[in-house]
Amino acid sequence: MMELVCPAGTPAALRAAVDAGAHTVYCGFADETNARNFPGLNFSREELAEGIAYAHARGAHVLVAINTFPRAGDQALWHRAVGDAARLGADAVILADLGLIAHAAEAHPGLRLHLSVQAAAANPDAINFYAETFGIRRVVLPRVLSVEEITAINREIEVETEVFVFGGLCVMAEGRCSLSSYATGLSPNMNGVCSPASHVAYADVAGNHEARLGDFLIHRTPKGMPVPYPTLCKGCFSSPDGKGGGQTGHIFEDPVSLDATRLIPALQKAGVSALKIEGRQRSRAYVAQVVRAFRAAVEAADQGAPMPEGLLARLTEGQAATTGAYAKTWR
Amino acid sequence: MDLTVGPIAFFWSAEQVRAFYRTLADTPVQRVVIGEWVCSKRLPFWQHEIPAAVEVLQAAGKEVALSTLTLITLKRERRQTAELFASGLPVEIADLTALQHLPEGAPFWVGPTVNVYNEGTLEWLAAKGAQRICLPPELPLESVAQLARAGQDAGVAVEVWGHGRAPLAISGRCYHARLHDRAKDSCQFVCAEDPDGRTVETLEGQPFLTVNGVQTLSYTHMSVAGQADALRDAGVAALRLSPQPGDFAAVTRLYAQLLESGLSAQDALAGLRRIQPGAIFAQGFLEARPGAAPCP
């Protein structure tokens, strides 16, 4: 059976995910060392120790994401995070930064290393480079690949692959995007945040709802319609063609989220080891519901049974979901 | 501190490329990085210009390196990356994938789309043979200074994104094709219609970003003219200037005057505004502000 890797933004979400059937949960420390550095989220050292004990007692694994890029002059914070994860018995750490990976491989040779999606390893050469140089055991693949490409990658690599199947959809190569810092000064790589709530403003103007990120209008919807959260790459913009025409719309991506449920059998056939659900910022109730549904789905796939359709539709952002790049038509 | 010209971001015709490098040979820049940086589908249209461009630039005393793609995915692209290392010229890696093809002990350069955020990464790359590293544009001055110091200790020249639309994102999806309701595989090379990229505005008409195929650039032109002294004091070895249509030679001369002949930052910016009327110059990143924050 494919391994189900589930998000835990809080100790309560960790317990909920384990109870709902997660094979593995992933979480981060409450600081800039992880890419979901949101207020009120993530784990203290003590909470992680308790979470690991809870999961291990029930046969589940815990991965610790330390997947931002250490700040120059301040690497000790990230080195400490890796050291503490190892000391507390984490089953693996999820890393993105080349220097941090080199440090972890050297200072903690017994620690299992996973390559974060933030490392943007999108082909066998990059994956084999990390595997051969640092002993990386698993790679989380970017959400820019099709099922065919994932199949081809798995033929050329020795390490396990993990893919996102549900939750937020990054349309840019992750870990290589500065759109957020261009608009707000804060980025996923440096600060662990994208389109941060601290820079979001909503207003009602002339019969419309408006959502801004920094100085930029990202969404404008007529009153009575919900205005989506202003994630930069899902905004509504226009692009003049220089000849008096142009396009207006979601130039990068619609405000949709990823749901690759129906592709689970294809991903299994492609040799994928683990399915990942995004959403460490989500509530305990959400996590429990999604985990239950996906546990049923991976069990069905394991037995060759059809996928449960539309199971999760009402949980997706803006009621719309896409299979993203996995189905090649996306491009 | 001296000047490096980065690879051309846009899809220019072979004639435009040829004219650009001929003109560049007579400019006060020390080195030039050449190659297809954005989309491998463009390469067959202009790659035959590369040997002549290398020759004309080397004859003019410039150091020349060849760039890899920013996002390497296809088999063809991986093969092309491996072939770059057989050229005898230094290779500037724009994607860490290239390291898998690096011949043992071969020197290389690192471009601004590789994530070098800290001393640990810089030192690892230096030990592997990196000679020059252009830092990611989003880094604040404090980090740049730390890295420039680490670079001096490790024998690596550290560069900063000095001028031009900044590379902000790369995708598996082509946004130029998407604007024309096409997919990447059937793009019909529509990005060639926009030699300076295609502007993306907010619904209020505020220019925001620039679509360049699979790459997203800033709308604003970054210019570190105002921070040149601080960067020099920090130990930065070079400013990177990014090719753009128009009188790019004049842009290089302004920066040379800024670095060597005591031209003031204010006069440099005024000069840039004359060369590129209507352009908005920005440099928030170095000041740890939104990157789009305009230059004073």
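Being a predicted model, the structure only gives us computed values, none of them experimental.

**Description of the overall build of chain B**
Within chain B, the secondary structure is distributed over ten helices and twelve strands. Considered along the principal axes of its C-alpha atoms, chain B spans approximately 50 × 50 × 35 Å. The 296 residues of chain B split such that 57% are buried. A sequence separation of at least 24 residues applies to 67% of the contacts in chain B between residues at least 6 apart.

**Brief notes about the interface of chain B and chain A**
Listed per partner, the contact involves 53 residues of chain B and 53 residues of chain A. Those elements that place two or more of their residues in the side of chain B that touches chain A are helix H5 (119-128), helix H6 (141-154), strand E7 (157-170), helix H7 (175-179), strand E8 (198-201), strand E9 (207-212) and strand E10 (215-223) of chain B.

**Some remarks on the environment of Gln 206 of chain B**
Position of Gln 206 of chain B among the secondary structure elements: in the loop between E8 and E9. In this structure the C-alpha to C-alpha distance between Gln 206 of chain B and Ser 67 of chain B, which are 139 residues apart in sequence, comes to 33 Å. Excluding residues within four positions of it along the chain, Gln 206 of chain B makes contact with Phe 216 of chain A together with Glu 201 of chain B.

**Observations concerning the packing of helix H3 (residues 75-87) of chain A against helix H4 (residues 98-107) of chain A**
Residues and elements named next belong to chain A. One way to put it is that H3 packs onto H4 with a least axis distance of 10 Å and a crossing angle of 40°. Taken as axis vectors, H3 and H4 run oblique relative to one another. Between H3 and H4 the crossing geometry is right-handed. The residues of H4 that touch H3, namely those facing Trp 78, His 79 and Val 82, are Leu 100, His 103 and Ala 104. Class assignment of the residues belonging to the contact of H3 with H4 gives a composition of four nonpolar, two polar and no charged.

**A word on the packing of helix H9 (residues 248-260) of chain B against helix H10 (residues 265-275) of chain B**
Two measures define how a pair of helices packs: the angle their axes make with one another and the distance between the axes. Residues and elements named next belong to chain B. At a minimum axis distance of 10 Å, the contact between H9 and H10 shows a crossing angle of 175°. Between H9 and H10, the crossing angle belongs to the class labelled roughly antiparallel. Within the contact between the two elements, H9 uses Ala 250, Val 251, Leu 254 and Leu 258 and H10 uses Ala 265, Ala 268, Gly 271, Leu 272 and Ile 275. For the contact of H9 with H10, the residue count by class is eight nonpolar, one polar and no charged.

**Description of the pairing of strand E3 (residues 61-66) of chain A**
Residues and elements named next belong to chain A. For E3, the buried fraction is high: five of the six residues fall into the buried class. As paired strands, strand E2 (residues 24-27) and E3 are joined by four bridges and run parallel to one another. Residue pairing in the sheet places Tyr 26 in a bridge with Leu 63 of E3. In this sheet, strand E4 (residues 92-95) lies alongside E3 in parallel orientation, the contact comprising four bridges. Along E4, the bridge assignment pairs Ile 66 with Leu 95. A crossover connection joins E3 to the parallel E4 through H3; in handedness this β-α-β unit is right-handed.

**Digging into the UniProt feature "binding site: [4Fe-4S] cluster" (unreviewed entry) in chain A**
Residues and elements named next belong to chain A. Under the UniProt annotation, the feature "binding site: [4Fe-4S] cluster" (unreviewed entry) is placed at Cys 170, Cys 177, Cys 194 and Cys 233. Across 64 residues of sequence, these annotated residues stay compact in space, with a maximum C-alpha separation of 10.4 Å. Inspection of the secondary structure puts Cys 194 in the loop between helix H8 (188-191) and strand E8 (200-205). Not counting the four nearest positions on each side in its chain, Cys 194 is found in contact with Ser 180 and Pro 188. If you trace the backbone, Cys 233 turns up in the loop between strand E10 (216-222) and strand E11 (237-240).

**Details of the pairing of strand E12 (residues 246-249) of chain A**
Summarising the sheet, E11 of chain A and E12 of chain A pair through four bridges and their orientation is antiparallel. Its bridge partner being in E12 of chain A, Phe 237 of chain A is matched across the sheet by Gly 249 of chain A.

**Looking at the domain arrangement of chain A**
Interface size is commonly expressed as the accessible area that is lost once the parts come together. All names here are of chain A. Assigned domains of chain A: these are domain 1 (3-169 + 256-330) and domain 2 (179-249). Using only C-alpha atoms to locate each centre, domain 1 and domain 2 end up separated by 28 Å. Opposite the nine residues of domain 1 that make contact, domain 2 presents seven residues. Class assignment of the residues belonging to the side of domain 1 that touches domain 2 gives a composition of two nonpolar, four polar and three charged.

**Regarding unusual backbone geometry**
In the Ramachandran plot, Asn 42 of chain A falls in the positive-phi region, its phi being about 85° despite a non-glycine side chain. Counting through the fold element by element, Asn 42 of chain A comes out in the loop between E2 and helix H2 (45-57). Here the phi dihedral of Phe 189 of chain B falls at roughly 55°; this positive angle occurs in a residue that is not glycine. Judged by the 14 C-beta atoms lying within 10 Å of it, Phe 189 of chain B falls in the partly exposed class.

**Looking at the UniProt feature "binding site: [4Fe-4S] cluster" (unreviewed entry) in chain B**
Residues and elements named next belong to chain B. The residues that UniProt annotates with the feature "binding site: [4Fe-4S] cluster" (unreviewed entry) are Cys 39, Cys 174, Cys 187 and Cys 191. These annotated residues cover 153 residues of sequence, and their C-alpha atoms lie no more than 11.5 Å from one another, placing them together at a single site. By the element assignment, Cys 174 lies in the loop between E7 and H7. Structurally, Cys 191 is set in the loop between H7 and E8. Residue class for Cys 191 comes out buried when judged on the 27 C-beta atoms lying within 10 Å of it.

**Considering the environment of Gly 28 of chain A**
Residues and elements named next belong to chain A. Summarising the element assignment, Gly 28 is placed in the loop between E2 and H2. Note on Gly 28: 29 C-beta atoms within 10 Å, which makes it buried. When near neighbours in sequence (up to four residues on either side) are disregarded, Gly 28 contacts Thr 33, Asn 34, Arg 36, Asn 42, Phe 43, Val 64 and Ala 65.

**What about the environment of Leu 122 of chain B?**
All names here are of chain B. Among the secondary structure elements, Leu 122 is positioned in helix H5. For Leu 122, a count of 27 C-beta atoms within 10 Å gives the class buried. In sequence terms Leu 122 and Phe 108 are 14 residues apart; their C-alpha atoms lie 13 Å from each other. Apart from residues no more than four positions distant in its own chain, Leu 122 is found in contact with Val 116, Ile 133, Leu 147, Ala 150, Gly 151, Ala 154 and Val 156.

Calculation notes
Residues numbered from 1 in each chain as written. Chains lettered and ligands numbered in written order. Predicted model: local features only at pLDDT ≥ 70, side-chain atom pairs only at ≥ 80, totals over all residues. Helix = DSSP H or I, 4+ residues; strand = E, 2+ residues; numbered from the N terminus. Buried ≥ 20, exposed ≤ 12 C-beta atoms within 10 Å, placed from the backbone. Contact = placed C-beta atoms within 7 Å. Axes fitted to C-alpha atoms, helices over the stretch in contact; angles between N-to-C directions. Parallel < 35°, antiparallel > 145°, perpendicular 65-115°, else oblique. Left-handed = near helix turned anticlockwise from the far one by under 90°. Nonpolar A, V, L, I, M, F, W, Y, C, P; charged D, E, K, R; others polar. Pairing = 2+ DSSP bridges. Right-handed = clockwise from strand over helix to strand, strands pointing away. UniProt positions renumbered as here; feature names shortened; annotations may be inferred. Domains from an automatic or database assignment.

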